[in-house]
Amino acid sequence: MLESERQRIPIYRPVLGAPESDAVARVISTGWVTQGPEVSAFEREFAAFVGAKHACAVSSCTVALHLALRAVGVGPGDEVVVPSHSFIATANSVRYLGALPVFVDVQPETFNLDPARVSRALTPKTRAILAVHQLGMPCDLAALQAIAGSRGLPLVEDAACAAGSELLREGRRERIGLPHGDVACFSFHPRKLLTTGDGGMLTTARPEWDAQFRRWRQHGMSVSDAERHESSGVIFETYTELGYNYRLTDVQAAIGREQLRRLPGLVERRRDQVALYRELLRDIPGLVLPSEPPWARSNWQSFCVRLPDRVDQRAFLQALLDEGVAARRGVMCAHREPAYRSDGGEPWSCGSGPGRCGCGPGGCRELRESERAQDRGVLLPLYDEMSRSDQERVAGLVRRHCGR
Ligand SMILES: *Cc1c(COP(=O)(O)O)cnc(C)c1O
């Protein structure tokens, strides 16, 4: 059989089945489909899972980031230190508040913020640090907490990909979302391990922020729908400040509760699959496999390898696609996108001071590792149902097309 006639291997496929459909049917039969009791239960269960005091569900991680930055006090004219090498929503959330994203380069081994560079990028205008756990790999929270703490700066975690990822601290395992910073923001998009279709969650230890998130997600309304529904007296609500409609629905939350039950098993399986990839891909000259720091335990949402310098990324991806295997290039860099260029000056900074970095159409000298990660990185297919023979087929193609 020709390779091209075999079954296609997608980049990703979520795990959804009878438990999720039954949960949806149950919610529909109650007649309450928007934010209600299922959302509350999902929040309680998610908080317990990560060990957080509070968890507030919203409609996506993008809006979670918006609310988190607003809560920690980011506003017009402020600077927020953030990686460019991330999904564009990370940087966009800073701009929603009229603040300036100050892009800091990543470490090549983990694709996460380089703490030494974060220290150098801080200015009197810095209002927060927004760190990403890229592709599920925990960033160096201990170092970032120390930097943020010494400057009295809030630390917000973009944990979009990191549900089920862990840190090892003093011999104990702690889940991402505890939170280790001030607020952690999760995504439940279908490309992440735990999905609700779309959805997000904010976790924090601060009750006043949690209460604030709950008002903002519901138009700034003084009482929730549930309170009004359950009240025996008439309630006239008030709108005390500018809010949004960032609600998760009960239909989504019911799916999320089932997904949360699956999550530990999904992470275990992912870790086995990654061990197999490591075995199958070892000893390919110049191919760099992702590394996990000793204090981190990734959920391995994605497995991003770096191609040898001799291999052209686009040709490599095309060759795999021609054989029915969907891989993707490395994570994007926001600073290279048209949305981050403008005639009236760049809507971002690379933290090196005016005129010093030599940014040009070819890229930014300060963000070399980010650009290399995008240009040399390749995300290989990885999903729960992927079989050993699927992985062998992918690895065989990688080996063949990395040849000299
Ligand atoms: C997916 C993702 C987001 C956006 O999440 P949504 O829930 O789709 O809004 C933000 N940041 C990172 C790092 C992501 O991977």
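Owing to the predicted nature of the structure, the values given are computational and were not obtained by experimental measurement.

*Asks:* Help me out: how do you make sense of the nonpolar core in this one?
*Replies:* Taken as a class, soluble globular proteins show a tendency for nonpolar side chains to be buried jointly. Among the nonpolar cores identified, the biggest contains 81 residues, and F46, I129, F186, L281, F303, L380 and V398 are the most heavily contacted of them. Of the residues forming this core, the biggest block, 9 residues, is contributed by helix α9 (residues 250-280). Other than its neighbours up to four places away in sequence, I129 contacts V81, L113, V118, L122, I147, A148, L153, P154, L155 and V156.

*Asks:* It is not clear to me how the environment of R191 should be interpreted in this structure. Could you clarify?
*Replies:* Assignment of secondary structure puts R191 in the loop between β8 (183-187) and β9 (200-204). Taking relative accessible area as the criterion, R191 reaches 22% and is therefore assigned partly exposed. The spacing of R191 and Q301 is 110 residues in sequence and 8.4 Å in space, taken between C-alpha atoms. Not counting the four nearest positions on each side in its chain, R191 is found in contact with I11, Y12, Q301, S302 and L379.

*Asks:* How should the sheet that holds strand β13 (residues 377-380) be read in this particular structure?
*Replies:* As a general point, the strands of a sheet are linked pairwise by backbone hydrogen bonds and lie either parallel or antiparallel. In spatial order, the strands read β11-β13-β12; together these 3 strands make up an open sheet with antiparallel pairing. Among the strands making up the open sheet, the edge pair consists of β11 (303-306) and β12 (328-329). Pairing geometry for β11 and β13, over 4 bridges, is antiparallel. When the sheet's bridge partners are listed, C304 is paired in β13 with L379. In the packing of helix α10 (residues 313-322) onto the sheet, the strands contacted are β12 and β13, and the crossing angle to β13 comes to about 15 degrees.

*Asks:* I would appreciate a short explanation of the packing of aromatic side chains in the present structure.
*Replies:* For any pair of aromatic rings, geometry is given as the distance between the ring centres together with the angle between the planes. Scanning all chains against the criterion turns up 9 aromatic pairs. With a centroid separation of 6.1 Å and an interplanar angle of 45 degrees, the aromatic rings of F103 and Y340 are classed as tilted. Pair noted here: F103 is in strand β3 (residues 100-104) and Y340 is in the loop between β12 and α11 (368-376), with a separation of 237 residues, a long-range link. For the pair formed by F103 and Y340, the shared burial category is buried. On the numbers, 5.3 Å between centres and 40 degrees between planes, the contact of F103 with W348 is tilted. Taken together, the residues F103 in strand β3 and W348 in the loop between β12 and α11 connect sequence positions 245 residues apart. Grouped by ring-pair contacts, the aromatic residues F42, F46, F186 and F188 constitute a single cluster. Residue placement shows R175 over the ring face of F49; its charged tip is 3.7 Å from the ring centre. The positively charged end of R206 is found above the aromatic ring belonging to W209, 3.9 Å away from the centroid.

*Asks:* Would you mind going over helix α4 (residues 88-96) with me for this structure?
*Replies:* Each α-helix turn comprises 3.6 residues. Residues three or four places apart therefore point the same way. The element α4 is extensively covered by neighbouring structure, given that 7 of its 9 residues are classed as buried. Residues I88, A89, T90, A91, N92, S93 and V94 constitute the buried set of α4. Elements that come into contact with the buried residues of α4 comprise α3 (61-71), β2 (79-83), β3, β4 (126-132) and β5 (155-158). With its phi angle positive at about 75 degrees, G98 sits one or two positions after the end of α4.

The rules behind each value
Residues numbered from 1 in each chain as written. Predicted model: local features only at pLDDT ≥ 70, side-chain atom pairs only at ≥ 80, totals over all residues. Heavy atoms only, no water. Core = buried A, V, L, I, M, F, W, Y, C linked by side-chain atoms within 4.5 Å. Buried < 20%, exposed > 50% of the residue type's maximum accessible area, 1.4 Å probe, protein only. Helix = DSSP H or I, 4+ residues; strand = E, 2+ residues; numbered from the N terminus. Contact = heavy atoms within 4.5 Å. Pairing = 2+ DSSP bridges. Axes fitted to C-alpha atoms, helices over the stretch in contact; angles between N-to-C directions. Phe/Tyr/Trp six-rings, centres within 6.5 Å; stacked < 30°, edge-to-face > 60°. Lys NZ or Arg CZ within 6 Å of the ring centre and 35° of its normal.

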